[in-house]
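Here's the letter readout for the chains.
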Amino acid sequence: MDYRTSNSLEQFKTYIGLPFQLYNSLFTSLPFHKIEKTGILLSLFLENCIEGYDRGESPTEIVEHFFLKHTTYIEPAEKIDLLFRFVQYVERQIVLFDALEDAAFTQVNDVNGSGTLKYLGSEVFQRNVYHQMEEKLQEFAVRIVLTAHPTQFYPGPVLGIIHDLSAALKHNEANKVNMYLQQLGKTAFLNKSKPTPFDEALSLIWFLEHVFYSSTAKLTGFLRNEFPTIYANKNTAISLGFWPGGDRDGNPNVNTTITLQVAAALRASIIKCYYRDIQKMKRRLTFKGIEELLTELEMVLHQNISQQGSIVITEENILTSLQKVRDIVNNEHGGLFIFLVDDLICKVQVFGLYFASLDIRQESSIHSKVLEEIAVRERILEDYVALTAAKKIHKLSRLSIAADISLYSGIVQDTLL
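Residues numbered from 1 in each chain as written. Predicted model: local features only at pLDDT ≥ 70, side-chain atom pairs only at ≥ 80, totals over all residues. Heavy atoms only, no water.

Engineer: Can you tell me about the overall build of the protein chain, naming the residues and giving the values?
Structural biologist: Assigned secondary structure in the protein chain consists of 17 helices and 3 strands. For the protein chain, whose C-alpha radius of gyration is 28 Å, the value lies well above the compact-globule estimate of 22 Å for 417 residues. Counting only C-alpha atoms, the protein chain reaches 75 × 70 × 50 Å along its principal axes. Contacts in the protein chain between residues at least 24 apart in sequence constitute 73% of all its contacts with a sequence separation of at least 6. Here the protein chain displays about 24,700 Å² of accessible surface, and carbon together with sulfur accounts for 55% of that area. Computed over 41 positive and 49 negative side-chain charges, the separation of the two mean positions in the protein chain equals 3 Å. (Helix = DSSP H or I, 4+ residues; strand = E, 2+ residues; numbered from the N terminus. Rg over C-alpha atoms; globule rule 2.2 N^0.38 Å. Contact = heavy atoms within 4.5 Å. Areas by Shrake-Rupley, 256 points an atom, 1.4 Å probe, with all protein chains shown as cover. Lys, Arg positive; Asp, Glu negative; His and termini not counted. Charge placed at Lys NZ, Arg CZ, Asp CG, Glu CD.)

The structure is reproduced here in structure tokens:
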């Protein structure tokens, strides 16, 4: 083991391993029914599993040996109840461990070392390849796509607890950590019903608001400051894709209604983020000539969130207002807090009014079925079925009229919509 690996391991133990042991012990003292007994029995169950595996016992034998040796449980219902409590306990241990990893990220990882943007910027200047880097960034782009599966998501309340727990751990606020762990112990991890595609979308939108909104803006802001000409052609270098609500090939419950709902939720979410940033900005930019501009923009954003009022805001409206604010701050107030304006301008350039582009996909067999049914019902695709693939593409690419949606129903109509 080299020095770097050894040092990283020690940092992991110091900032994550040891705190986990300390905070994990709080679980056994939480004032809930059977919680202390669950923690102790779980430790015994772990040792029993290791010993049983070494003896070559089957999973059933290991579990039965544990109940016989360490409990007085006889009824199947009692045993199942304890095993279920083990699962609940471990779920919360995982949340605690993840929160500790998030809180200690900058201590455990070299955030300025090889592979980071700061390191890249330093290397570019040291090797005097600034212009080559600018040329590369003119065409370079990263697209991060958020996928979805019902089993991957915590309920919204749990996500909120994880977020607050990470912040409390980062600042070593033991009292808050204890309270959040108690809250975690009383909060259900299971959804009461199977998540709909819209539920999946809302779960991921939470991450858009609380993770990607700020981090993506920081990354693009760094690139903008280090290599300003990359914005000459409006290349933001980073964009987001979004599957929930559009993945018809992966989820049979996705339809046109769901897609429109998710698109509306994405728009409302990003406008809400801008609205919150404007409110924060108003607390700092209290200078003459600015308050009126920010208040007007705040009002229009609020109307668009609540879908009240007649003014439909556009990306251009927001950028125009922010540029006016920036000019006043820069020309009349010495650029004080101008970074707040630049940050929001950067976010609007990256996210627009859609937050992430909704990827709408459907398997080719459905498209073939739709086109073949149109060919049977209407004249716009006459002889379509008998054409070769190349001729089908040629015919479809030159269509100047659309199918009559009222003639169809079910999957055909939904696909056409």
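That was the structure; now back to the text.
Engineer: Give me the lowdown on the packing of helix α8 (residues 156–170) against helix α9 (residues 174–186), citing residues and values where you can.
Structural biologist: Closest axis-to-axis distance for the α8/α9 pair is 9 Å, and the angle between their directions is 160°. It follows from the interaxial angle that α8 and α9 lie roughly antiparallel. Crossing angle aside, the handedness with which α8 passes α9 is left-handed. Between α8, through Ile161, Asp164, Leu165, Ala168 and Leu169, and α9, the contact on the second element is made entirely by Lys176, Val177, Tyr180, Leu181, Gln183 and Leu184. Considering only residue class, the contact of α8 with α9 consists of 8 nonpolar, 1 polar and 2 charged. (Axes fitted to C-alpha atoms, helices over the stretch in contact; angles between N-to-C directions. Parallel < 35°, antiparallel > 145°, perpendicular 65-115°, else oblique. Left-handed = near helix turned anticlockwise from the far one by under 90°. Nonpolar A, V, L, I, M, F, W, Y, C, P; charged D, E, K, R; others polar.)

Engineer: Mind laying out α9, listing which residues take part and the relevant values?
Structural biologist: Helix length check: α9, at 13 residues, gives a terminal C-alpha distance of 19 Å against a target of 18 Å (1.5 Å per residue), a fit within 8%. Buried within α9 are the following residues: Val177, Tyr180, Leu181 and Leu184. Taken down its axis, α9 places every buried residue within 105° of arc, on the same side. Summarising the geometry of α9, the exposed residues directed more than 90 degrees from the buried face are Asn175, Met179 and Lys186. (Expected span 1.5 Å × (residues − 1). Buried < 20%, exposed > 50% of the residue type's maximum accessible area, 1.4 Å probe, protein only. Arc of directions from axis to C-beta.)

Engineer: Which residues make up a nonpolar patch on the surface, and what are the values?
Structural biologist: Together, Phe140, Val142 and Ile144 make up an exposed nonpolar region whose accessible area comes to about 210 Å². With respect to the helices and strands, the residue Ile144 is situated in strand β1 (residues 142–146). (Patch = residues over 30% accessible without salt bridge, like charges linked within 9 Å, V, L, I, M, F, W, Y side chains within 5 Å. Salt bridge = Lys/Arg side-chain N within 4 Å of Asp/Glu carboxyl O.)

Engineer: Which residues make up the packing of aromatic side chains, and what are the values?
Structural biologist: The relation between two aromatic rings is expressed through the spacing of the ring centres and the mutual angle of the planes. For the coordinates displayed, the defined rule picks out 14 aromatic pairs. Each ring, one from Phe12 and one from Phe97, has its centre 6.1 Å from the other, and the planes form 50°; the classification is tilted. Note that Phe12 is positioned in helix α1 (residues 3–27) and Phe97 in helix α4 (residues 76–103), a separation of 85 residues in sequence. On the accessibility criterion, Phe97 (26% relative accessible area) is partly exposed. Positioned above the aromatic ring of Trp243, the side-chain terminus of Arg361 is 4.0 Å from the ring centre. (Phe/Tyr/Trp six-rings, centres within 6.5 Å; stacked < 30°, edge-to-face > 60°. Lys NZ or Arg CZ within 6 Å of the ring centre and 35° of its normal.)

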